[in-house]
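Spelled out from the first residue to the last, the chains are:
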Amino acid sequence: MMTESGASPEDPWVKVEYAYSDNSLDPDDEDSDYHQESYKESYKDRRRRAHTQAEQKRRDAIKRGYDDLQTIVPTCQQQDFSIGSQKLSKAIVLQKTIDYIQFLHKEKKKQEEEVSTLRKDVTALKIMKVNYEQIVKAHQDNPHEGEDQVSDQVKFNVFQGIMDSLFQSFNASISVASFQELSACVFSWIEEHCKPQTLREIVIGVLHQLKNQLY
């Protein structure tokens, strides 16, 4: 059977032409390759843009950090005439911040020492308060006791008794092997044997002993 062009489907030239037509590049395949390439480029662009944005955020965060340090640290706000009106560099901001932190640590340590001293003073005052309360109470219980005036000798005996008791502990605690050791022992003796509570006990013992001698 013949086709309208007069060529038979069995004609070899028709087969070659028909096969060539089937194996030609499909326009859809070209579009697919183009879209794939475009996708790859778009992915690279997105990664590059995301990296740029992340880097910018990091730089902005660092800048805000330095700005906050200049606002918080007082020495960064003071005028430095050696620099003039120029903006402080990051190195200067960091150094001033370090110096200020070290200053705060020293102030904290000084305040802690002052608080410790005040606490010791408060403890001593509390002991004195208890002693005075006991004296007042003793006088209220025996209002006529103590009306007789004591002599200066009794006053000296009280002082001597206190000093004798202190010297005993002093003599037993102090080493004279060297001046350095002597100094160290003196401070150690003061801390151990001259506490308010210890002195109170010594005074009470001396007064009790003299009271028994007088009455």
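Residues numbered from 1 in each chain as written. Predicted model: local features only at pLDDT ≥ 70, side-chain atom pairs only at ≥ 80, totals over all residues. Heavy atoms only, no water.

## Some thoughts on the UniProt feature "coiled-coil region" (unreviewed entry) in the chain
Within the UniProt annotation, "coiled-coil region" (unreviewed entry) is assigned to residues 101-128. Along residues 101-128 the backbone is 100% helical and 0% strand, and the end-to-end C-alpha distance reaches 41 Å. (UniProt positions renumbered as here; feature names shortened; annotations may be inferred. Helix = DSSP H or I, 4+ residues; strand = E, 2+ residues; numbered from the N terminus.)

## Quick look at helix α4 (residues 90-141)
Taking 1.5 Å of rise per residue, the 52 residues of α4 would be expected to cover 76 Å, and the 75 Å separating its terminal C-alpha atoms lies within 8% of that figure. Turning to α4, its buried residues are V93, K96, T97 and I127. (Expected span 1.5 Å × (residues − 1). Buried < 20%, exposed > 50% of the residue type's maximum accessible area, 1.4 Å probe, protein only.)

## Structural notes on the environment of D99
The topology assignment puts D99 in helix α4. The exposure class of D99 is partly exposed, given its relative accessible area of 38%. Between the C-alpha atom of D99 and that of T75, which follows or precedes it by 24 residues, the distance is 9.0 Å.

## A closer look at the packing of aromatic side chains
Counted under the stated rule, the structure contains two aromatic pairs. Here the aromatic rings of F170 and W189 are separated by 4.9 Å at their centres, their planes lie at 85 degrees, and the arrangement is edge-to-face. Remark: W189 occurs in helix α6 (residues 179-193) and F170 occurs in helix α5 (residues 152-173); sequence separation between them is 19 residues. According to the relative accessible area criterion, W189 is buried, its value standing at 11%. (Phe/Tyr/Trp six-rings, centres within 6.5 Å; stacked < 30°, edge-to-face > 60°.)

## Here we look at the confidence of the model for the chain
Chain-level statistics for the chain give a pLDDT mean of 77 and a share of 72% at 70 or above. Across the chain, the secondary-structure element scoring lowest on mean pLDDT is helix α1 (residues 12-23), at 46, and the one scoring highest is α4, at 88. Predicted confidence for residues 1-9 stays below pLDDT 50, and this span has eight contacts to residues more than four positions away or in other chains. (pLDDT = per-residue confidence, 0-100. Contact = heavy atoms within 4.5 Å.)

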